[in-house]
Amino acid sequence: MPKQQANWSPYDNNGGTCVAIAGADYCVIAADTRMSTGYSILTRDYSKIIQLADKSVMASSGFQADVRALQKVLAARHLLYQHQHNKQMSCPAMAQLLSNTLYFKRFFPYYSFNVLGGLDSEGKGCVFTYDAVGSYERVGYSAQGSGATLITPFLDNQLKSPSPLLLPAKDAVTPLSEIEAIDLVKTCFASATERDIYTGDKVEMLVLNASGIRREFMELRKD
Amino acid sequence: MTRFEESAPVKGGFSFDLCKRNEMLVQKGLKPSSYLKTGTTIVGLVFRDGVILGADTRATEGPIVADKNCEKIHYMAPNIYCCGAGTAADTEAVTDMVSSQLKLHRFHTGRDSRVVTALTLLKSHLFSYQGHVSAALVLGGVDVTGPHLHTIYPHGSTDTLPFATMGSGSLAAMAIFESKYREGLTRDEGVKLVAEAISSGIFNDLGSGSNVDVCVITKGNREYLRNYMLPNLRTYVSEKGYSFSKKTEVLMTKITPLRELVEVNEGGDAMEE
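Residues numbered from 1 in each chain as written. Chains lettered and ligands numbered in written order. Predicted model: local features only at pLDDT ≥ 70, side-chain atom pairs only at ≥ 80, totals over all residues. Heavy atoms only, no water.

Student: I'm lost on the packing of aromatic side chains in this one. Help?
Tutor: Each aromatic ring pair is characterised by the separation of its centres together with the angle its planes make. Residue and element names in this part refer to chain A. Applying the stated criterion across every chain, the model contains 13 aromatic pairs over all chains. Ring centres 5.4 Å apart and planes at 45° place the aromatic pair Tyr11 and Tyr111 in the tilted group. Here the residue Tyr11 occupies a position in the segment before strand E1 (17-22), and Tyr111 occupies one in the loop between helix H2 (91-104) and strand E7 (112-119), the gap between them amounting to 100 residues. We classify Tyr11 as partly exposed; its relative accessible area is 25%. Judged by relative accessible area, Tyr111 falls into the partly exposed class, the value being 26%. (Phe/Tyr/Trp six-rings, centres within 6.5 Å; stacked < 30°, edge-to-face > 60°. Helix = DSSP H or I, 4+ residues; strand = E, 2+ residues; numbered from the N terminus. Buried < 20%, exposed > 50% of the residue type's maximum accessible area, 1.4 Å probe, protein only.)

And the structure:
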């Protein structure tokens, strides 16, 4: 008798796109608010972004049940950290914690595609991008989710100054101003919405800078 | 006396010759190739003076929108139109083919085409291909016998209905029709209902989107209302715009000559006679 294949999957994909851009003294993290399954929309008003610490914000697309579980684990670990060290976790520290948490479930992964954004201890913007099992890298900008393949080439063209092969390696923050970066993010989402069926409804943008956190919404196509 | 063996019918139809080979390939792990599906909402309804057809305008290739404003209401005859859902190539090909056949038939008979003629031509073609021609159609028109509306499924079955929906958004559209349809609608009420049903598909089904196309067919007249509604304009256009002046980086330039220059000596050894 040939080996039986599973006819049930523990995973589902709720779609959506996340983007983060790091600036010299700010960081923009954005995600659309559409949650879908198959060809249907579950809700038009779902936040994929969570603030983990006062200078760390995570946006995740993929299977939202796993995303929610992951957010709870990270929030609990951060609380423990605060009790033990009497301070907030820095963004690079949170980045490492997220990587470890994801790899912990290497053989039954969180179906969660994350970007972590925030300000490092010097106040410069930082963005970390992950795969589903915890491989991560600090970058100047990143996109994840169903619209990532549409957005990343555009960001590469607008933001990537030198080729990564040229030495010395240039700084990982974009020279754009905060206003220009927000304009870029809005354009990215409006464009991705045109061509990706899983992206749309609204885009939620969080901007972190020295004065704190600001949240903005923009309407997207609802079809 | 020679006896002839009857071979497979000459006229079209699905050929089963390669089925066994294909099954063997699938077992060995071959993945079937994908094709452009319209992932659609198409509707039709019968009103007081004729029929109204409606369709969305999005064509998808998996999760990507391939065409934001395609035409899904196909011309069959001056008094007959057909909406198509399923594989885009199949709906185009089958409606073009039957449209040509109807024209020849009009020349042959000297009469206007009837909807049942188009229906029979379509269903027999689809049946002979055993569902492999993936076209789900809503056929509507007005002929001498009156207004007609039919649905045709990829395997070749048909229904005759007062209102019909097909495609991935058919449930969303049917929900509207079942709540609001009644007999004897006026033209304006009919168009409004069709537009509402298509909008329901556009906003609630991810496979449908962009604009609403409507076609109103009455006795002796038809109105093709392309892009009757445009409820999905782009929400954000950057004021300053974006330029794409950056070219690919040149990291290294190296020129390799392909042919070396060869010296030719005149007056060498003569060829032997």
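Text resumes after the structure shown.
Student: Can you walk me through the sheet that holds strand E6 (residues 56-62) of chain A in this structure?
Tutor: Paired through backbone hydrogen bonds, the strands of a sheet run either parallel or antiparallel to each other. Residue and element names in this part refer to chain A. Strand order in this open sheet of five strands is E5-E6-E7-E8-E9, and the pairing throughout is antiparallel. One side of each edge strand has no neighbouring strand; the edge strands of this open sheet are strand E5 (49-53) and strand E9 (136-139). Ignoring strand direction, the axes of neighbouring strands in this sheet form an average angle of 25°. Relative to E9, strand E8 (residues 125-130) runs antiparallel, the two being bridged by four bridges. Counted as the bridge partner of Val127 is Val139 from E9. Contacting E5, E6 and E7, helix H1 (residues 64-85) crosses the sheet at an angle of about 160° to E6. (Pairing = 2+ DSSP bridges. Axes fitted to C-alpha atoms, helices over the stretch in contact; angles between N-to-C directions. Contact = heavy atoms within 4.5 Å.)

Student: Even after reading the chapter, I still don't get the pattern of salt bridges, so can you show me in this structure?
Tutor: If charged atoms from side chains of opposite charge come close, those side chains can pair. Taken as a whole and assessed by the stated rule, the structure comprises 21 salt bridges over all chains. We note a salt bridge from Glu71 of chain B to Arg226 of chain B, for which the minimum N-O separation is 3.8 Å. One end of the pair, Glu71 of chain B, is in the loop between strand E4 (64-67) and strand E5 (73-77); the other, Arg226 of chain B, is in strand E12 (residues 221-229), with 155 residues separating them in the sequence. The class for Glu71 of chain B is partly exposed, based on a relative accessible area of 43%. Residue classification places Arg226 of chain B among the partly exposed positions, given a relative accessible area of 28%. Salt bridges linked by common partners bring Glu194, Arg221 and Asp223 of chain A together with Arg58 and Lys68 of chain B together as one network. (Salt bridge = Lys/Arg side-chain N within 4 Å of Asp/Glu carboxyl O.)

Student: I keep staring at the packing of helix H3 (residues 148-159) of chain A against helix H4 (residues 178-195) of chain A and nothing clicks. Help me out?
Tutor: Axis angle and axis distance: for two packed helices, these are the angle between their axes and the distance between the axes, and together they describe the pair. Residues and elements named next belong to chain A. In contact at an axis separation of 9 Å, H3 and H4 are set at 145° when each is read in the N-to-C sense. In this structure, H3 crosses over H4, and the sense of that crossing is right-handed. Contacts between H3 and H4 pair Leu150, Ile151, Phe154, Leu155, Gln158 and Leu159 from the former with Leu184, Thr187, Cys188, Ala192 and Arg195 from the latter. Per-class residue counts for the contact of H3 with H4 are eight nonpolar, two polar and one charged. (Left-handed = near helix turned anticlockwise from the far one by under 90°. Nonpolar A, V, L, I, M, F, W, Y, C, P; charged D, E, K, R; others polar.)

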